[in-house]
Amino acid sequence: MLSERRLEVLRAIVQDYVGTEEPVGSKALTERHRLGVSPATIRNDMAVLEDEGYIAQPHTSAGRIPTDKGYRLFVDKLAGVKPLSSPERRAIQNFLEGAVDLDDVVGRTVRLLAQLTRQVAVVQYPSLTRSTVRHVELLSLAPARLTLVLITDTGRVEQRMIDCPAPFGEVALADLRARLNSRVVGRRFADVPRLVQDLPDSFDAEDRATVSTVLATLLENLVEETEERLLIGGTANLTRFGHDFPLMIRPVLEALEEHVVLLKLLGEAGQPGMTVRIGHENAHEGLASTSVVAVGYGSGDEAVAKLGVVGPTRMDYPGTMGAVRAVARYVGQILAES
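Conventions and cut-offs
Residues numbered from 1 in each chain as written. Predicted model: local features only at pLDDT ≥ 70, side-chain atom pairs only at ≥ 80, totals over all residues. Heavy atoms only, no water. UniProt positions renumbered as here; feature names shortened; annotations may be inferred. Helix = DSSP H or I, 4+ residues; strand = E, 2+ residues; numbered from the N terminus. Buried < 20%, exposed > 50% of the residue type's maximum accessible area, 1.4 Å probe, protein only. Contact = heavy atoms within 4.5 Å. Patch = residues over 30% accessible without salt bridge, like charges linked within 9 Å, V, L, I, M, F, W, Y side chains within 5 Å. Areas by Shrake-Rupley, 256 points an atom, 1.4 Å probe, with all protein chains shown as cover. Salt bridge = Lys/Arg side-chain N within 4 Å of Asp/Glu carboxyl O. Lys, Arg positive; Asp, Glu negative; His and termini not counted. Charge placed at Lys NZ, Arg CZ, Asp CG, Glu CD. Phe/Tyr/Trp six-rings, centres within 6.5 Å; stacked < 30°, edge-to-face > 60°. Lys NZ or Arg CZ within 6 Å of the ring centre and 35° of its normal. Pairing = 2+ DSSP bridges. Axes fitted to C-alpha atoms, helices over the stretch in contact; angles between N-to-C directions. Core = buried A, V, L, I, M, F, W, Y, C linked by side-chain atoms within 4.5 Å.

Naming follows an unreviewed UniProt entry, where the protein chain appears as Heat-inducible transcription repressor HrcA of Streptomyces montanisoli. The record held by UniProt for the protein chain lists under Function (unreviewed entry) the comment "Negative regulator of class I heat shock genes (grpE-dnaK-dnaJ and groELS operons). Prevents heat-shock induction of these operons." The record in UniProt for the protein chain states the following under Sequence similarities (unreviewed entry): "Belongs to the HrcA family."

So this is what it looks like as structure tokens:
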């Protein structure tokens, strides 16, 4: 275990390196921070931190920079979450409240996160399996053609065309709409298959095939295909950090284009807590020089999706964590009120 003083030295090194972008020497630490000890003692503390892998010497300069291990200790033990100011919170609320639908909410959230943190912002659409059904609408387009519209509690709207195996009258359609909504409204998507499995049996024989087709469309297309939607923004912010990526920025950009990689980075949607992955903790090789700060958001106690940012490991962790958490909270409130 590191002593309190050495933890303070590590905290000072991280803060100075993030702020100045320059390797930090013992003389600078003595001048900038009230550590209460001599430069010689600080040099000794830095030698111990280096031996234990928390800081490293990037080249022949006298200064040191934090390693992934050093940033991890900083985030876990030394960094609080920096709260946003009242004007910042009001600006977030006003900007997000102007959204007209879920796509607009997600789009505004991405732009807002990218602007607040000056990193790459990633926002996952609310997961259908963790949402509840607000309403299912069925509309007749032709005797054997329907439109199915699904509305979730998070404001998500999904629409599908259905070609029926036989003509389906307005009376039967109204009956199906009423029975379907009576079973699924207010229920979680994970429960919907069980709730509707015997619904076709309650219809006349000539209508059962169409009812089964409607239910198959609801369950297969809507639940399975749309789980992995996300939006990314602020990629141009990475160009400000060219020197933070020791090889090239291209592997980072290529990794960010792979949505499956991003979904893994954000983590399980059902975990509402803050997650911070630093450097080589990210499994994807192209992201070994980045950090990811993510948190769940939702309209209730349970998270329905994740949002977060990707940036260099030389990141203002307290400020980034505060911004990500605040935006997630406001998005959750808007979804709850929608």
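The structure having been displayed, the exposition proceeds.
(A) Broad picture of the environment of Arg5. Within the fold, Arg5 resides in helix H1 (residues 4–20). According to the relative accessible area criterion, Arg5 is partly exposed, its value standing at 32%. Here the alpha-carbon distance between Arg5 and Gly36, two residues 31 residues apart in the chain, equals 9.3 Å. Here Arg5 is in contact with Val37, Thr41 and Asp45, once residues within four sequence places are set aside.

(B) Spotlight on a positive patch on the surface. A cluster of like positive charges, contributed by Arg89, Arg90, Arg325 and Arg329, occupies part of the molecular surface. Assignment of secondary structure puts Arg329 in helix H12 (residues 317–337). Given the relative accessible area of 48%, Arg329 is considered partly exposed.

(C) Quick peek at the pattern of salt bridges. Scanning the model with the defined rule gives 18 salt bridges in all. Note that Asp16 is salt-bridged to Arg32, the shortest N-O span being 3.0 Å. Taken as a pair, Asp16 in helix H1 and Arg32 in helix H2 (residues 26–32) lie far apart in primary sequence, 16 residues in all. You can call Asp16 buried: its relative accessible area is 8%. Residues joined in a network through salt bridges with shared partners are Asp103, Glu158, Arg160 and Arg229.

(D) Molecular detail of the packing of aromatic side chains. Enumeration over the complete set of coordinates arrives at one aromatic pair. Across the ring face of Phe203, the terminal group of Arg179 is positioned such that the distance to the ring centre comes to 4.1 Å. Looking at Arg229, its charged tip hangs above the ring of Tyr125, at a distance of 4.0 Å from the centre.

(E) Spatial organisation of the sheet that holds strand S5 (residues 145–152). Taken in spatial order, the three strands of this open sheet run S4-S5-S6, and their pairing is antiparallel. Each end of this open sheet is capped by a strand with a single partner; those strands are strand S4 (133–142) and strand S6 (157–163). Adjacent strand axes in the sheet meet at a mean angle of 20° when their direction is disregarded. Note that S5 and S6 share seven bridges and pair antiparallel. Within S6, the residue paired with Val149 across the bridge is Gln159. Where helix H7 (residues 170–184) meets the sheet, it contacts S4 and S5, and its direction lies at approximately 165° from that of S4.

(F) Here's a closer look at the sheet that holds strand S9 (residues 290–297). Overall, antiparallel pairing links the five strands, which are arranged S7-S3-S10-S9-S8 in an open sheet. One side of each edge strand has no neighbouring strand; the edge strands of this open sheet are strand S7 (230–233) and strand S8 (275–278). Going from strand to strand, the sheet's axes swing by 15° on average, the running direction of each strand aside. In terms of strand pairing, S9 meets strand S10 (residues 305–312) through eight bridges, oriented antiparallel. Within S10, the residue paired with Val293 across the bridge is Val309. Packing of H12 onto the sheet brings it into contact with S8, S9 and S10, and relative to S9 it is tilted by some 25°.

(G) Region of interest: the nonpolar core. Ranked by size, the top nonpolar core spans 59 residues in total, and within it Leu29, Tyr297, Leu307 and Tyr317 carry the most contacts. Listed in part, the 24 residues of the second largest apolar core include Val136, Leu148, Phe168 and Phe189.

(H) Spatial organisation of the pairing of S5. By the criterion of burial, S5 is predominantly enclosed, with six of the eight residues buried. The pairing of S4 with S5 spans eight bridges and is antiparallel. Note on S5: the bridge partner recorded for His135 is Ile151. The antiparallel pairing of S4 with S5 creates a hairpin that spans two residues between the two strands. Once S5 ends, the chain turns through four residues before running back antiparallel as S6, passing Gly155 with a positive phi of about 85°.

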